[in-house]
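# Coordinates in review
Single-letter residue listing:
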Amino acid sequence: MRSGYVAVIGKANAGKSTLLNVLVGEKVAIVSPKPQTTRDRILGVLTREDRQIVFADTPGLYRAHNALTDLMMRTTDDTAKDVDAILYVHDGHAGLREEDISLMKKYCNLQLPVLIAYTKIDIMPKENIPPDIKRLSDEGVNADVYPVSARKGQNVRRLEDAICALLPEGERVFQEDIVSDRSEKFMISELMREKILLKYDKEIPHGVAIVVNTFEKKENGVYDINLDIVCEKRNHKAILIGKQGKALKEVASFARQDMEKFLGAKVFLTVYVKVKEDWRDREGLMREFGYHD
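Scope of this entry: the structure provided in the associated data block.

Thresholds applied
- Residues numbered from 1 in each chain as written.
- Predicted model: local features only at pLDDT ≥ 70, side-chain atom pairs only at ≥ 80, totals over all residues.
- Heavy atoms only, no water.
- Pairing = 2+ DSSP bridges.
- Helix = DSSP H or I, 4+ residues; strand = E, 2+ residues; numbered from the N terminus.
- Axes fitted to C-alpha atoms, helices over the stretch in contact; angles between N-to-C directions.
- Contact = heavy atoms within 4.5 Å.
- Buried < 20%, exposed > 50% of the residue type's maximum accessible area, 1.4 Å probe, protein only.
- Expected span 1.5 Å × (residues − 1).

This part covers the sheet that holds strand β1 (residues 2-10). With mixed pairing, the six strands of this open sheet are ordered in space as β2-β3-β1-β4-β5-β6. What marks the edges here is a single partner per strand, and that holds for β2 (42-48) and β6 (144-147). Across the sheet, the axes of successive neighbouring strands diverge by a mean angle of 25°, strand direction being ignored. Two elements, β2 and strand β3 (residues 51-57), share seven bridges in a ladder whose sense is antiparallel. By the bridge assignment for β3, R48 is matched with R51. The sheet contacts of helix α4 (residues 129-138) involve β5 (114-119) and β6, and relative to β6 the element is tilted by about 165°.

The next subject is the pairing of strand β8 (residues 223-231). Within β8, nine of the nine residues are buried, which leaves it mostly tucked inside the rest of the structure. Residue alternation in β8 divides its side chains into two sets, Y223, I225, L227, I229 and C231 and D224, N226, D228 and V230, and both sets are buried. The loop that links strand β7 (residues 209-217) with its antiparallel partner β8 comprises five residues; one of these, G221, has a positive phi angle of about 90°. Both β8 and strand β9 (residues 267-275) contribute to a ladder of nine bridges, which runs parallel. The partner of C231 across the bridge, within β9, is V275.

On to helix α6 (residues 184-199). Taking 1.5 Å as the rise per residue, α6 with 16 residues should run 22 Å; its terminal C-alpha atoms sit 23 Å apart, in good agreement. The buried fraction of α6 amounts to twelve of the 16 residues, a majority that puts the element mostly inside the structure. For α6, the complete set of buried residues consists of F186, M187, I188, S189, E190, L191, M192, R193, E194, K195, I196 and L197. Buried residues along α6 sit against β2, β7, β8, α7 (234-241), α8 (246-263) and β9.

Any link to function would need more than the numbers given here.
Shown next as structure tokens:
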């Protein structure tokens, strides 16, 4: 059996979390079209008879604008130093820039095996793929490139087999039925944040933290969940709530449906919105909300 850890790294919105969920076969990371969707390192575990691949999904590479994004970038770089291989995810649909090549070279220089997942091939001209792969080779990016579509499942199994071939022989790290290192409570907070990312525009979703105050399964099988949506400005709170509370009711209903699907049970959800000015630059509040080294 082969087993080991693989860091999933790439620029923000490259499709890392979508690819991780497809590889693992279950939703272990939230997904949205907005950058900075992933804030934490999340492990997703793929187990088959002959392999166990532990993927470490990392925050998308992004220029830091506050203490939170600075922490996210440190998380990504620290993760890359403590794995058996690196899966660099590149958005093929977005083209290939000098910055992309520089980032790939940076991780190839860590003296670890590297594979490149060239994603979103289902929504781009196929004739663009060979020139991009040739350019990477000509520019000295020393890694095999696998064009894939996570959404369509194209070439995903070939990519998985290639990743497995890079890992050492060894025993399983996790039990066979484990798919993530994260708790149900953590996933509940992430599902709420995912729906906020999908519903609201501009800066508001990125300035939000979710605090789960109550997560309890009652005797009748219903989960009682009470959580706070913490934002940075009072006008953001007004937008999150909406006229007569309509926006908040809609996003809470949207989130509750996914929570029930995830937990396999009914959910009684209570949501409040609170303001903590500039919490993304306040170390004490970041720690309180679960963001720390």
